[in-house]
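One letter stands for each residue in the lines below.
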Amino acid sequence: YNSDTEIYAKWIELGTLVKQNKEVVEFMLPRMSDWYYRKAIFSKANDKPKEAYEYLQKSLQSNPQNVMTNYELAKISLDSGSVVNTTNRLVNVLQSFAPSEEESLLCKNLLLYTYDKNLLQSLSLIKQGKYAYAVDILKELENYCEQDPMKVCNKGMGRPRCRTGAIEIGRASCRERV
């Protein structure tokens, strides 16, 4: 009887410790994510982009729904020319993570900037006669326009359309030269 009572007491003690540890982990994970995010921003400010990227990845591992970490990773995707990855990440943040009003505004502005930056870059490449590069960017923009989360593709210059042998942007068109 004594051994059963002692075992049961130890079982309750162990269950309490596990519960406390779980609460500590649940309390610490979002804070660890924020800490890694701050380290990433510090590294980025000190011109250490690889270190910043590593810290952002660690932040994402700690809390995949950290809005600002996802925002920074979307900016990195945009800088590498990946319009679709940038768009997907930002749309996921807006639809799934319940960002604050400021965070939501940042994400929406980056979505608009994504379209504008790449459209202007493709137009510049066309003007320079670098058609193959322009085609790659326009194909990314065409994929962006399939989702068009901010409804920008039907405004301004219009939706870019890539066809075999030709690229059309609103009224402007050119022949694809590879």
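See the structure above.
Notes on the structure follow. (Residues numbered from 1 in each chain as written. Predicted model: local features only at pLDDT ≥ 70, side-chain atom pairs only at ≥ 80, totals over all residues. Heavy atoms only, no water.)

**Quick notes on a nonpolar patch on the surface**
So, point 1. Taken together, the side chains of Tyr8, Trp11, Ile12, Leu14 and Val18 present a nonpolar region at the surface, about 580 Å² in accessible area.
So, point 2. Position of valine 18 relative to the elements: it lies in helix α1 (residues 2-45). (Patch = residues over 30% accessible without salt bridge, like charges linked within 9 Å, V, L, I, M, F, W, Y side chains within 5 Å. Areas by Shrake-Rupley, 256 points an atom, 1.4 Å probe, with all protein chains shown as cover. Salt bridge = Lys/Arg side-chain N within 4 Å of Asp/Glu carboxyl O. Helix = DSSP H or I, 4+ residues; strand = E, 2+ residues; numbered from the N terminus.)

**Side note on the nonpolar core**
Soluble globular proteins tend to bury their nonpolar side chains together.
So, point 1. If you look at the biggest cluster of nonpolar residues, it comprises 33 residues, and the most contacted ones within it are Tyr71, Leu90, Cys107, Leu110, Tyr115, Leu141 and Tyr144.
So, point 2. Only α1, α2 (49-62), α3 (67-79), α4 (83-96), α5 (101-128) and α6 (131-147) provide two or more residues apiece to this core.
So, point 3. Once residues lying within four places of it in the same chain are set aside, the contact partners of tyrosine 71 are Leu90, Leu106, Cys107 and Leu110. (Core = buried A, V, L, I, M, F, W, Y, C linked by side-chain atoms within 4.5 Å. Buried < 20%, exposed > 50% of the residue type's maximum accessible area, 1.4 Å probe, protein only. Contact = heavy atoms within 4.5 Å.)

**Here's the deal with the side chain of serine 77**
So, point 1. Mapped onto the secondary structure, serine 77 falls in helix α3.
So, point 2. Filtering out sequence-adjacent residues up to four positions away, serine 77 remains in contact with Ser82, Asn85 and Thr86.

**A word on α3**
So, point 1. An ideal rise of 1.5 Å per residue puts 18 Å on 13 residues; α3 measures up with 19 Å between its terminal C-alpha atoms.
So, point 2. Residues of α3 that are buried include every one of Val67, Met68, Thr69, Asn70, Tyr71, Glu72, Leu73, Ala74, Ser77 and Leu78, and no others.
So, point 3. The N-capping residue of α3, defined by a side-chain oxygen 3.2 Å from the backbone nitrogen of methionine 68, is asparagine 66.
So, point 4. Following α3 by one or two positions, glycine 81 adopts a phi angle in the positive range, close to 90°. (Expected span 1.5 Å × (residues − 1). Polar contact = N/O pair within 3.5 Å; in protein donor to acceptor, adjacent residues only side chain to side chain.)

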